[in-house]
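Okay, here's what each chain looks like letter by letter:
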Amino acid sequence: HFKEKFDFDMSGLTLSAEGDEFDTLLVKRIRENTPADDVDIQVGDIILRINGTSFLDTDISDIHNLFRKKDGKKIRLIIYRDGEKIKRIFRLKQMI
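Residues numbered from 1 in each chain as written. Predicted model: local features only at pLDDT ≥ 70, side-chain atom pairs only at ≥ 80, totals over all residues. Heavy atoms only, no water.

> Quick one: what's the story with the overall build of the protein chain, residue by residue and with numbers?
Counting its secondary structure elements, the protein chain contains two helices and six strands. Each helix (α) and strand (β) of the protein chain, taken in turn from the N terminus, gives the series β-β-α-β-β-α-β-β. In terms of C-alpha radius of gyration, the protein chain reaches 13 Å, essentially the compact-globule figure of 12 Å for 96 residues. Looking at the 96 residues of the protein chain, the share that counts as buried comes to 34%. Taking contacts inside the protein chain between residues at least 6 apart in sequence as the whole, the part at least 24 apart equals 48%. Of the roughly 6,500 Å² of accessible surface on the protein chain, 46% is carried by carbon and sulfur atoms. Taking the average place of the 18 positive charges on the side chains of the protein chain and the average place of its 18 negative ones, the gap between the two points comes to 8 Å. (Helix = DSSP H or I, 4+ residues; strand = E, 2+ residues; numbered from the N terminus. Rg over C-alpha atoms; globule rule 2.2 N^0.38 Å. Buried < 20%, exposed > 50% of the residue type's maximum accessible area, 1.4 Å probe, protein only. Contact = heavy atoms within 4.5 Å. Areas by Shrake-Rupley, 256 points an atom, 1.4 Å probe, with all protein chains shown as cover. Lys, Arg positive; Asp, Glu negative; His and termini not counted. Charge placed at Lys NZ, Arg CZ, Asp CG, Glu CD.)

Following this line, the structure appears as structure tokens:
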């Protein structure tokens, strides 16, 4: 029954904790025409920091909750791609 309110990811990212110790946050998928897609985050990028906090200092469920939090919330990412750190900033956007 879909009469109850539910929260949906507003970033466009599908993430996975990977590695022997689940200490790598990997971008697995990006939905088209979403905030993450608009700022050129790519499949295979590794997320190092979210809003100043290291992935190692948080839990993946907390990250999923953050991406459902509030339409318009600013998200600042530091990602690792091809040997370099890259900053990306976007705002969460209600898509459904």
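Now that the structure has been shown, the text picks up again.
> Lay out a positive patch on the surface in plain terms, naming residues and giving numbers.
A cluster of basic residues, Lys-70, Lys-74, Arg-76 and Arg-91, forms a positive patch on the protein surface. Mapping Lys-74 onto the fold places it in strand E5 (residues 74-81). For Lys-74, a relative accessible area of 37% translates into the label partly exposed. (Patch = residues over 30% accessible without salt bridge, like charges linked within 9 Å, V, L, I, M, F, W, Y side chains within 5 Å. Salt bridge = Lys/Arg side-chain N within 4 Å of Asp/Glu carboxyl O.)

> Talk me through the nonpolar core; I want residue IDs and the actual numbers.
With 21 residues, the main nonpolar core has Leu-13, Ile-41, Ile-50, Phe-67 and Leu-77 as its most contacted residues. Every element with two or more residues in this core is listed here: strand E1 (13-18), strand E2 (24-30), strand E3 (46-50), helix H2 (60-66), E5 and strand E6 (84-91). If we skip the residues at most four places from it in the chain, Phe-67 touches Phe-8, Asp-9, Met-10, Ser-11, Leu-13, Leu-15, Ile-50, Ile-75 and Leu-92. (Core = buried A, V, L, I, M, F, W, Y, C linked by side-chain atoms within 4.5 Å.)

Purely geometric stuff here, so don't read any function into it on its own.
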